[in-house]
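# Remarks on the overall topology
Listed below are the residues making up each chain.
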Amino acid sequence: MIGVALGYIEANPDEMDLIRSLVVLALHGPAITARSTTPAHVTCRAAIVSPDWRVLEIMDTSTSTWHLPGGHVAAGDSSLLGAALGLAARRAGVETNMVIPDGIIPFDVEARIVEAAPERGEPEHVHYDMTYLFHVEDRSLAVPDSVSTRVRWVEPEQVAGQLGTKLTETSRHSRLVP
């Protein structure tokens, strides 16, 4: 985890303060990837983009909102990149052999406050969402039609927050490359 954080800082020096807090927690607390770790823990998301730079989103039926596939890191996950890919497979039905990781360092990291869930015994805490970027050659190959999860492909500008800004900027640069 520390190596991933340091690699992210090297690629995104303007986000040093955000990552510094995460590194301090990782060094001085329990496992930062464990769901039970408070006041914060790491979660993973997959930003899957098509050749025409559409981004895959899934519908959360409990809240009727669209978001990237992702969630908590499982105890058996050997890496954060693997966790993001596994979550994309489980949550969106993504064919893992049809995606190509953009790199081993997260494309984006965001800290998000999660409200307390007394029914699950969870206090208010922070999710450090590690978002990995994945490319697919064809939208239809990434997610089979038989998947029961609702999926859609959106323009990068439709993705909320800092991640949407980064995806939009990256898509503009990649479209300029012949």
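Our structure is the block above this text.
Conventions we followed
- Residues numbered from 1 in each chain as written.
- Predicted model: local features only at pLDDT ≥ 70, side-chain atom pairs only at ≥ 80, totals over all residues.
- Heavy atoms only, no water.
- Buried < 20%, exposed > 50% of the residue type's maximum accessible area, 1.4 Å probe, protein only.
- Helix = DSSP H or I, 4+ residues; strand = E, 2+ residues; numbered from the N terminus.
- Pairing = 2+ DSSP bridges.
- Core = buried A, V, L, I, M, F, W, Y, C linked by side-chain atoms within 4.5 Å.
- Contact = heavy atoms within 4.5 Å.
- Expected span 1.5 Å × (residues − 1).
- Axes fitted to C-alpha atoms, helices over the stretch in contact; angles between N-to-C directions.
- Parallel < 35°, antiparallel > 145°, perpendicular 65-115°, else oblique.
- Salt bridge = Lys/Arg side-chain N within 4 Å of Asp/Glu carboxyl O.

## Some words on the pairing of strand 7 (residues 125–136)
Two faces make up the sheet, and in a regular strand the side chains alternate between them. With 10 of 12 residues buried, strand 7 lies mostly within the body of the structure. The pairing of strand 5 (residues 99–101) with strand 7 spans three bridges and is classified as antiparallel. Directly across from Ile-100, in strand 7, lies its bridge partner His-135. Inspection of the sheet shows strand 6 (residues 108–114) paired to strand 7 by seven bridges, in the antiparallel sense. Bridge pairing in strand 7 places Ala-111 opposite Tyr-128.

## Brief notes about the nonpolar core
The biggest cluster of nonpolar side chains holds 32 residues, and the ones touching the most others in it are Val-42, Cys-44, Ile-48, Leu-80, Met-130, Tyr-132 and Phe-134. Counting residues per element, the ones that place at least two in this core are helix 1 (2–11), helix 2 (16–28), strand 1 (40–49), strand 2 (55–60), helix 3 (80–92) and strand 7. Sort the elements by how many residues they give to this core and helix 3 lands first, with seven residues. With sequence-adjacent residues up to four places away left out, Leu-80 is seen in contact with Met-1, Val-4, Thr-33, Val-42, Cys-44, Val-73, Met-130 and Tyr-132. In this structure, Ala-47, Val-55, Leu-68 and Leu-133 belong to the second largest nonpolar core, which totals 11 residues.

## Observations regarding helix 2
Relative to the 18 Å expected for 13 residues at 1.5 Å per residue, helix 2 spans 18 Å between its end C-alpha atoms, a close match to the ideal helical length. On its buried face, helix 2 is in contact with helix 1, strand 1, strand 6 and strand 7.

## Some thoughts on the packing of helix 1 against helix 2
Where helix 1 meets helix 2, the closest approach of the two axes is 10 Å, and the angle between their N-to-C directions is 170°. Compared by their axis directions, helix 1 and helix 2 come out roughly antiparallel. Where helix 1 approaches helix 2, its residues Ile-2, Ala-5, Tyr-8 and Ile-9 are matched on the opposing element by Met-16, Ile-19, Val-23, Ala-26 and Leu-27.

## Topic: the pattern of salt bridges
Under the definition given, this model contains nine salt bridges. For Glu-15, the salt bridge identified is with Lys-166, shortest N-O distance 2.8 Å. Placement of the pair is Glu-15 in the loop between helix 1 and helix 2 and Lys-166 in helix 5 (residues 161–176), with a sequence separation of 151 residues. Judged by relative accessible area, which is 9%, Glu-15 ranks as buried. Arg-35 serves as the salt-bridge partner of Glu-122, at 3.2 Å between the closest nitrogen and oxygen. Linking Glu-122 in the loop between strand 6 and strand 7 with Arg-35 in the loop between helix 2 and strand 1, this pair joins segments that are 87 residues apart in sequence. Classification of Glu-122 as buried rests on a relative accessible area of 15%. In this structure Arg-35 comes out as partly exposed when scored by relative accessible area, which is 41%. Connected through salt bridges with shared partners, the residues Glu-15, Asp-108 and Lys-166 form a single ionic network.

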